Structures are given as structure tokens and as C-alpha cells.
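Notes for the structure review
Spelled out from the first residue to the last, the chains are:
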Amino acid sequence: MYRYDTHDQTLVNERVAQFRDQMNRYLAGRLSEEEFLPLRVQNGLYVQRHAPMLRIAIPYGMLASYQLRKLGDLARDYDRGYGHFTTRTNLQLNWPKLETVPDMLAELASVQMHAIQTSGNDIRNTSSDQFAGVAEDEDVDPRPWCELIRQWSTFHPEFTYLPRKFKIAVTGSAEDRAAILVHDVGLRLWRDAHGEVRVKILAGGGLGRTPMIGEVVREDLPWQHLLTYLEALVRVYNQFGRRDNKFKARIKILVKALGVDEFRRRVDAEWAHLKDGPQTLTRQTVEDMQHHFIDPERRPISEEAIAGYERLRSENRAFARFVTNNVHGHKVPGYKAVTLSLKRSGHSPGDLTWEQMHQVADLADEYSYGELRVTHEQNLVLSDVAVDQMKALWDRLGELGLANPTVGTLADLICCPGGDYCGLANAKSIPVAHAIQERFEDLDFLYDLGPVELNISGCMNACGHHHVGNIGILGVDKKGEEWYQISLGGAQGNEASLGKILGPSFSRDKVPEVIDNVLQVYVGERLEGETFVETYRRIGLKPFKERVYA
Amino acid sequence: MPDQATNARPFIFEGRPAEDHWTMIREPESPLPDAPAIVPLAAWREEASNRQRAPLLGSDTELTPELAAELANAPLIAIDFPKFTDGRGYSTARLLRERFGYTGEIRAVGDVLVDQVFFLTRCGFDALSLREDQWLEDALQALNAFSRAYQPAVDEPEPLFRHRLREAVREAETSMV
């Protein structure tokens, strides 16, 4: 976990003072609404449907237990007692008071946190793999590189007023769990024959109104050049990205308009001037940064303990279900990464109460060396759980209602806050999520379906990533009424693809039945061992369409 | 609260309040006054050797090497911010300073606001012609919003990570003494 030095702390403190001054000038009428807006959103502060909303950065999803406790304190003391984890691994508080936000930011600074650049037309919080540093299939731990990018992008003097927001995702594993193909820039870290880190750079991916898969700009950038290359790339975007139309301003439109070859040529021409300049990374800098992310001193786990865990798994069906779905492999034998499901009835997907934040922080201290991760599927992860403590942890999670053994199933759906909170939404999304979760409660049915990603967005901005859901649901506005458009065949990860629209949209009460019909087609058509998306790719949209609109 | 709004644009040069000797003429009509005037690039090109004329670059002006060479002898270069949210001028100023070695005055004009002056200065603007309604004292204070920065820019040749390496070396040497 990265710990601030005096430089980092000073910068965050100065940011709080700066924003306090801006807020005072706004409240005193010396700063207009229009001019305050970009300043407040660069500090995570939105003015939403019912109230302000504060989006707090959780850089590359890494969270220490004491930080989660502080987030719980903030939810309790400044809000209505709960918070919402987003698909960009941030935390949103939905009911703060505008004038108390500087105090909230000061509290965050006291635990080395902030809300810097969680919104605005700037470089946003960098996101990464929730199993970074512990994944079995990892070539390079992305966290030190993410922190280098965080520092480079924080208060970047040249890139605070880009044409539009700019999101970077980083992975160092064979399986892409960071959705790098659908980010403005996606980075895949890998090792060459000499063991040196190289970076594959993708650009121009994204969801939103015009979803696109990113294109390869560079296959094998040597690590020393990461920051100079990013600077060249963002500079090209800053100069040539469209500013005349908000909906055509993302980098994906520029990459598409120029073609990736011309885009690459311009970036390389710019980079030729920056290459080997002062931002060239040194081995010492990278090693110092890696030192912040060293492995905890894990207690060795005996063969007997591992055997005991496997035995329990074979004997206890409920425990086995939890392990199969919510427990992920770890690079160290005897350890596992455990996903805490934030998808449960009675709570909006991704929500956690302040009490639960404190309780989960305690669990992180007891079972996982005081650290957690936030996933873009809106769950939490304890990344270093010894198998001989798994049963105890499982029991504790059960008491907290966070042991739903449904991670990766249909019930683990992704959902934006939607029309219940968000000022942009065309339709509500949370009630749709609840209706689907209620209809498909039966665990045997969920397991029989296997992995199905169902993603819900309340509008075109696609915060719920509906384009890359195997089943995507998009809220649309038709003459003032809320309707829902269904798409099929989207996928995230290495084989990312964008879903295709099934047909005319549905009213909210029809959605669960439509999903049921879609699932029945899959169950009827699937070949042995075929997942939902594999069946879809084989048979296409037509059979689903015929059934749903019969 | 005193009323700050006057017709004069608060002007800062090299971090201090200063008197502005230049007139901005966005739509030149001939004859131009016999006094220092900032005029659009096309008008400036017509009398580029006149030291009383300075070019105004639009936010969408592409700074090619050819243009930079033309600008090298300008007494000052003004870069326009039609809206404060248009961030292209930041790149233009950095390129003028860092790539093309322009050492004369680079002036931000147009929708130049208090809360942008820190980053503008970092990118190489040494002259800030603020919008009429902006408060000079707020802008002067905002010049010092941050005491350090992660990235190198015109004001600071090295990134913070290189300072940190030197600090670590110094600390190691001190502890050996």
C-alpha cells in the first residue's frame, strides 16, 4: 500500500485549503455557478437530483482498513449512513451538505485520501486489477505503475481542461480484469525475454454514447518511457480532440477520425521530443515505488491446514458454494483472495452502511493484513486470506450479510445509481436490479446458468457498463416515461465485445420476464459446458429475438 | 464587499501586479494606432517587423515549427482563452517555451480566471491579463496555491521523483556523518 511522504501530504493539504477558499468565494458570490462547476467536480463534488454527491477516489482500488473506517465515519457524520462503490472503484456519498465538503476533504486528507480528479475533463482515477499483486496469472504487479501514473496525472498543469474526461486502466495479468479495452487508455504490463517490463498501450476504447474497443498504439514500450509516452499521447488529445461537441470529444472519436496509424504517428512525433527527458523513469524510482507494495510477511500454511480446508469444502455444501464462487486463487499456496459480495436483497448494488464499513475494516485487519480492494464489479476483496481462517471469515461475513455465494453469477449484477440519485439518468436502475435479483434468487438455477454478466445503466453515459454486459440493460426516456432497452452479447476482459440491441424497449415491469426468456433460450440451446456468451456467439441474436418478441 | 468590477483587466506580470502597455485589437481596422497593440496572427504577419505589434494566437492555432520560427522575434505572444475550459493554450505555451525556446513574454488573454493562474504559470505564461471581473488579490494568492508539483513543467525542470531520489541520497549521507 502506498504511504504518503511529506510531499504527497502537503499537496493534498494544500488542495483542501484551495478548495475551501474556492467554496468560500462561491458562497460569497464571487465565483459564479458556471465557474465554480469545473472546480468542484475536480474535487469530486456534483450537484445531483436531490442533493450534492461527493465522489471519493480510491486509487487503483486499494484501500487500507483505517481508510475504510474513515469512509464509514464520513458516511455516518456527514451523510445518511451509507456509501456506494462505483464501477470506477470510487466511493460516492449521496447526501452531503455542500458547505461541509471542505471539512470532509480535510478528514480524507488525514487518512491519505482525497477526491481529486474524480470528475471533470481531466485525467481521472487510474483503475486496475482487483487481484493485483496476488494473482496467479500475473506477469507484473501493476500497483507501483498505477501510483506513478497517479502522481504524474495529479494536478497536471497542462491537462486540467482536456476536451473531455480521460480514464486509464492498467493490468499486468494474462486475464484482463481491469477492462483495458474499454478505457481511453488501457495499459498491459508484460515482461520481455530479459525480464524487463514492457507496456502495451491501447487507446480509444470507451463506453458511453459511442462504445468502442481500444486500438493498439504500441506493443512494447520499455518501462522507462511510460510517463513521457503518456504525456505525448495526452498532449495530442488535448490539442486535437474535438471541443465543439461534448458527445464527440472523447479520445475514441479522435482515434477513429484519424485512424490509429495517423494517431500513432502524431503521438510518436510528439514523443520524439519528450523521450529521454526528465520524466524518464529510473530504476531507482521504480524500485522505491515497488517497495511500497511488498508482500506482507505471510504466515506459512501447512499441508495439513490446506487439506483441512479442502476437506471442509467437500463436506459442507454451503461453504463449498462460497469457495467456488467468491474465492479466487492466490500466488502463494495456502492463501486466497476473497470477494465480499455487495449484491444482496434490501441494498442497492455496491452500497455499504457505515457500520458495515467499520466491520469490514475489522475483518481486513483480522484476516487480510489490513488491506482491501474495490472491484469494478462493485464488490470488495480481501486479498490475503489464509485457508485455515476461511471458515471463520465465511461465518463472520455471513453474519454481516456479505457472504452471498453469487459472485460472477447473474445475481452479481453491475448497476449505476440511476434515476434514484443521478442527475443525468433517464431512468431508474436500482429497482430493475432488485426485481431481477428477486426473480432469480434460486441458487441452483444461478449456478446452472454459470457465469452471466448483467449490467444496468440508467442512461447513455453507461456508468453501469451495459455495453459489455452479456446482458445489458439501458434506461431510456420515451416521451417522459422510463423504458429499458436490452442488449446481448457484450463481454469484458480479453475477449471484450459490445452487445447488440435486441429490439424495441420494454417497460420496467416487463424486464424480469424478458430476462427470463433470454435465459431460457440459452438453457435450451447451449452445448455441454458452453457459457451464456459462448452460446450467444454461436447462435447469434435471432433465436433470442424470436423468443422475446414472440 | 467592495465592487471589483471595472473596465480594466487586472494584469499580472512575473507574479506581480503590473501596468499593461498593450492594447488588444481583436478586429483590426486600418489604420492601426501608433501604439503597442496585440492583433490577430494574420494582421501581425502583415507588419511582423513592427515592434509595436504582437500576435494573438487562437486556441485552435496549431503551433507548427514554421509558425514557431515566425514567432521567434515577436515582442510578446498572446494566447487566447475563448472559454476558460478550453485547455489547448496550456499546451501551446509549453511548446513555445520548452520546444521552441521562446523567451519573450507569453500572455494569457480572454477568459482568464483566478483559479487557472497557477497552472497557466506552470505552463510558461509570465503575463496574465485577467477577465475584467476578476479580483487581483485573489489571483496573486492563487499563484501560490501549491508549494510543489509532481510533474516537471516550465517553472520546474524536474519531476518530484527525481527530487526524492536526491533527498534520499542526502539523508543517507547525513546519517553516515
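Rules of the game
Residues numbered from 1 in each chain as written. Chains lettered and ligands numbered in written order. Predicted model: local features only at pLDDT ≥ 70, side-chain atom pairs only at ≥ 80, totals over all residues. Heavy atoms only, no water. Helix = DSSP H or I, 4+ residues; strand = E, 2+ residues; numbered from the N terminus. Buried < 20%, exposed > 50% of the residue type's maximum accessible area, 1.4 Å probe, protein only. Contact = heavy atoms within 4.5 Å. Areas by Shrake-Rupley, 256 points an atom, 1.4 Å probe, with all protein chains shown as cover. Lys, Arg positive; Asp, Glu negative; His and termini not counted. Charge placed at Lys NZ, Arg CZ, Asp CG, Glu CD. 1 Å grid on protein atoms, 1.4 Å probe; cavity = no way out; pocket = protein on both sides within 12 Å on 5 of 7 lines; lining within 4 Å. Points joined across faces, edges and corners; volume = space filled by probe spheres on them. Nonpolar A, V, L, I, M, F, W, Y, C, P; charged D, E, K, R; others polar. Core = buried A, V, L, I, M, F, W, Y, C linked by side-chain atoms within 4.5 Å. Domains from an automatic or database assignment. Buried area = accessible area lost by both parts, 1.4 Å probe. Salt bridge = Lys/Arg side-chain N within 4 Å of Asp/Glu carboxyl O. Polar contact = N/O pair within 3.5 Å; in protein donor to acceptor, adjacent residues only side chain to side chain. Pairing = 2+ DSSP bridges. Axes fitted to C-alpha atoms, helices over the stretch in contact; angles between N-to-C directions.

**A few points about the overall build of chain B**
Secondary structure summary: chain B contains 6 helices and 8 strands in total. Expressed as lengths along the three principal axes of its C-alpha atoms, the size of chain B is roughly 70 × 50 × 25 Å. Counting across all 177 residues of chain B, residues that qualify as buried make up 49%. Within chain B, contacts between residues separated by at least 24 positions form 53% of all contacts whose residues are at least 6 apart in sequence. For chain B, the accessible area works out to roughly 8700 Å², and carbon and sulfur atoms hold 50% of it. If the 19 positive side-chain charges of chain B are averaged to one point and the 30 negative ones to another, these points end up 6 Å apart.

**Things to note about unusual backbone geometry**
All names here are of chain A. The phi dihedral of Tyr60 falls on the positive side, at around 40°, and the residue is not glycine. Within the fold, Tyr60 resides in the loop between β2 (52–56) and β3 (62–64). With phi around 55°, Gln117 is a residue other than glycine that occupies positive phi space. Along the chain, Gln117 turns up in the loop between α4 (101–109) and β6 (127–128).

**Description of empty space enclosed by the protein**
Considering all chains together, one arrives at 11 cavities of 30 Å³ or more under this definition. Of the voids in this model, the largest cavity is the one considered here, and its volume is about 140 Å³. Taken together, Met1(A), Tyr2(A), Tyr4(A), Pro59(A), Tyr60(A), Met62(A), Gln67(A), Gln112(A), Met113(A), His114(A), Glu147(A) and Arg150(A) make up the full set of residues lining the largest cavity. Of the residues assigned to the lining of the largest cavity, the class counts are 7 nonpolar, 3 polar and 2 charged. Reported here for the second largest cavity is a volume of approximately 110 Å³. Lining the second largest cavity are Arg15(A), Gln18(A), Gln22(A), Leu39(A), Gln42(A), Asn43(A), Thr160(A), Tyr161(A), Asp115(B), Phe118(B), Phe119(B) and Phe146(B). Elements with a minimum of two residues in the lining of the second largest cavity: α1 (6–27) of chain A together with α4 (117–122) of chain B.

**Quick word on the nonpolar core**
All names here are of chain A. Core analysis: the largest hydrophobic core is formed by 157 residues, its most contacted members being Leu71, Trp145, Phe166, Leu233 and Phe263. Setting aside chain neighbours within four positions, we find Phe263 in contact with Ala203, Val217, Leu233, Val236, Ile251, Leu254, Val255 and Leu258. One finds Tyr421, Ile456, Phe506 and Ile539 within the second-largest nonpolar core, a separate group that totals 39 residues.

**Re the domain arrangement of chain B**
Residue and element names in this part refer to chain B. The assigned domain composition of chain B is domain 1 (11–145) and domain 2 (147–177). Taking the mean C-alpha position of each, domain 1 and domain 2 sit 32 Å from one another. Each partner contributes to the interface: domain 1 provides 7 residues, whereas domain 2 provides 8 residues. In this assembly, domain 1 packs against domain 2 so that about 600 Å² is buried in total across both faces, 48% of it on carbon and sulfur atoms. Looking only at domain 1, the three residues that lose the most surface to domain 2 are Arg94, Glu98 and Arg122, adding up to 74% of its buried area. Its salt-bridge partner being Asp155, residue Arg122 comes within 3.0 Å of it at the nearest N-O pair.

**With respect to the domain arrangement of chain A**
Residue and element names in this part refer to chain A. Taken domain by domain, chain A comprises domain 1 (6–109), domain 2 (134–290), domain 3 (303–400) and domain 4 (414–548). For domain 1 versus domain 3, the distance between C-alpha centres works out to 29 Å. On the side of domain 3, 23 residues touch domain 1, which itself brings 22 residues to the contact. Both faces considered, domain 1 and domain 3 share a buried interface measuring about 1900 Å² in area, 62% of it formed by carbon and sulfur atoms. If you sort the residues of domain 1 by the area they bury against domain 3, Leu68, Arg69 and Phe85 come out on top, with a joint share of 30%. Its salt-bridge partner being Arg69, residue Asp362 comes within 3.0 Å of it at the nearest N-O pair. On the surface where domain 1 and domain 3 come into contact, there are 15 residue pairs in polar contact (both at pLDDT 80 or more).

**A short note on the side chain of Arg235(A)**
Counting through the fold element by element, Arg235(A) comes out in helix α6 (residues 226–240). Of the polar contacts made by the side chain of Arg235(A), one reaches the side chain of Glu158(A); its length is 2.7 Å. Discounting residues that sit within four places of it in the chain, Arg235(A) has contacts with Glu158(A), Phe159(A), Glu270(A), Leu274(A), Ser91(B), Arg94(B), Leu95(B), Glu98(B) and Arg99(B).

**Section: the sheet that holds strand β1 (residues 45–47) of chain A**
Residues and elements named next belong to chain A. The strand order β1-β2-β5-β4-β13 describes an open sheet built from 5 strands, whose pairing is antiparallel. Strands with a single pairing partner mark the edges of an open sheet, and in this sheet they are β1 and β13 (351–353). Between one strand axis and the next, the sheet turns through 30° on average, direction left out of account. The pairing of β2 with strand β5 (residues 91–93) spans 3 bridges and is antiparallel. Each bridged residue has a counterpart across the sheet, and for Leu54 the counterpart in β5 is Leu93. The strands touched by helix α12 (residues 354–367) within the sheet are β4 (82–85), β5 and β13, with β13 carrying the most contacts at an inclination of about 85°.

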